[in-house]
Amino acid sequence: APAEAARRRRLRPHGAMSLLHRRLKAASEALSALHRRLLEAARLEYERTHGPVGGPYAFWALLTKDPAFAWLRPMTRLMVQLDDLLSRKGPPPARALLLRMAVRMERLILPKGEREFAANLAALLREDALLAARRADLRRALERIDRDRLRPASSTPSRAPSRPPRPPPAASGP
């Protein structure tokens, strides 16, 4: 346990992760699980009309170059940006930046999100219960962040002990 605590201090020398940062990391992990399932569902859908893909390298080539998979790229870009943000060394990212990333995740999976992505996601959700479960996991993770978004930054819990309130000044009488 002491070695693990020391490792964490080296990774985050400027203090512990905020609650919002931890929740965004959890949402990022849920987004990653949704993305993996979405890739599998999109591959199966593609194979129904075009035949077997032929292996992971052939699938990677399709993902990066074939227009049939272009609709997945906004999610992939967002995941790369989230990973970069959440793995940075040095001072923790600003609260506003963390919240912006949460909003971008939320907008992506909403029915009125990016048109092409939303249409493809909706079609696959109707056919794949596991995909729907992964999306629900992400929505729950984002709801936890929403609670933080509504809380002012000054009221976020801190690890520092709170001071007792000062007594009111003594009233001076005549």
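Remember, it's a predicted structure, so these values are computed and weren't measured experimentally.

Colleague: Would you mind showing me how to read the overall build of the chain here?
Modeller: Assigned secondary structure in the chain consists of seven helices and zero strands. In the chain, the order of α-helices and β-strands from amino to carboxyl end is α-α-α-α-α-α-α. Put simply, the chain has 174 residues, and 33% of those count as buried. For the chain, contacts bridging at least 24 residues in sequence account for 73% of all contacts bridging at least 6. Surface exposure of the chain reaches about 11,600 Å², of which carbon and sulfur atoms provide 58%.

Colleague: I tried to follow the nonpolar core on my own but got confused; where do I start?
Modeller: Proteins that are soluble and globular tend to have nonpolar side chains buried together. Ranked by size, the top nonpolar core spans 40 residues in total, and within it L24, L38, L72, M105 and L138 carry the most contacts. Broken down by element, this core gets its largest block of residues, eleven residues, from helix α2 (residues 19–50). Excluding anything up to four places from it in sequence, L138 contacts A27, A30, L31, L34, M105 and I109.

Colleague: Help me understand helix α3 (residues 56–65) in this model?
Modeller: Residues spaced three or four apart along an α-helix point in a common direction, a consequence of the helix completing one turn every 3.6 residues. Along α3, the residues that are buried comprise F59, L62 and L63. The buried residues of α3 occupy one face: seen down the axis, they fall within an arc of 100 degrees. Relative to its buried face, α3 has exposed residues pointing more than 90 degrees away, namely Y57, W60 and K65. The elements touched by buried residues of α3 are α2 and α4 (73–86).

Colleague: Help me understand the packing of aromatic side chains in this model?
Modeller: Ring pairs (aromatic) are described by centroid distance and by the angle formed between their planes. Applying the stated criterion across every chain yields a total of three aromatic pairs. Aromatic pair F59 and F69: ring centres 5.7 Å apart, planes at 85 degrees, arrangement edge-to-face. Here F59 is found in helix α3, whereas its partner F69 is found in the loop between α3 and α4, with ten residues between them in sequence. Both residues of the pair, F59 and F69, count as buried. An aromatic cluster is built from Y46, F59 and F69, whose rings are joined through pairwise contacts.

Colleague: I tried to follow the pattern of salt bridges on my own but got confused; where do I start?
Modeller: Between side chains of opposite charge, pairing is possible as soon as their charged atoms come close. Within the structure shown, the criterion is met by eight salt bridges. R43 is the partner of E40 in a salt bridge, and the nearest nitrogen-oxygen pair spans 2.5 Å. Here the residue E40 and the residue R43 both occupy positions in helix α2, the gap between them amounting to three residues, near one helical turn. By relative accessible area, E40 is classed as partly exposed at 28%. For R43, the salt bridge is made with E47, and the minimal N-O distance between the two is 2.7 Å. In this pair, R43 and E47 are both assigned in helix α2, four residues apart and thus about one turn of the helix distant. Here the residues in one salt-bridge network are E40, R43 and E47, joined through shared partners.

Cut-off values and rules
Residues numbered from 1 in each chain as written. Predicted model: local features only at pLDDT ≥ 70, side-chain atom pairs only at ≥ 80, totals over all residues. Heavy atoms only, no water. Helix = DSSP H or I, 4+ residues; strand = E, 2+ residues; numbered from the N terminus. Buried < 20%, exposed > 50% of the residue type's maximum accessible area, 1.4 Å probe, protein only. Contact = heavy atoms within 4.5 Å. Areas by Shrake-Rupley, 256 points an atom, 1.4 Å probe, with all protein chains shown as cover. Core = buried A, V, L, I, M, F, W, Y, C linked by side-chain atoms within 4.5 Å. Arc of directions from axis to C-beta. Phe/Tyr/Trp six-rings, centres within 6.5 Å; stacked < 30°, edge-to-face > 60°. Salt bridge = Lys/Arg side-chain N within 4 Å of Asp/Glu carboxyl O.

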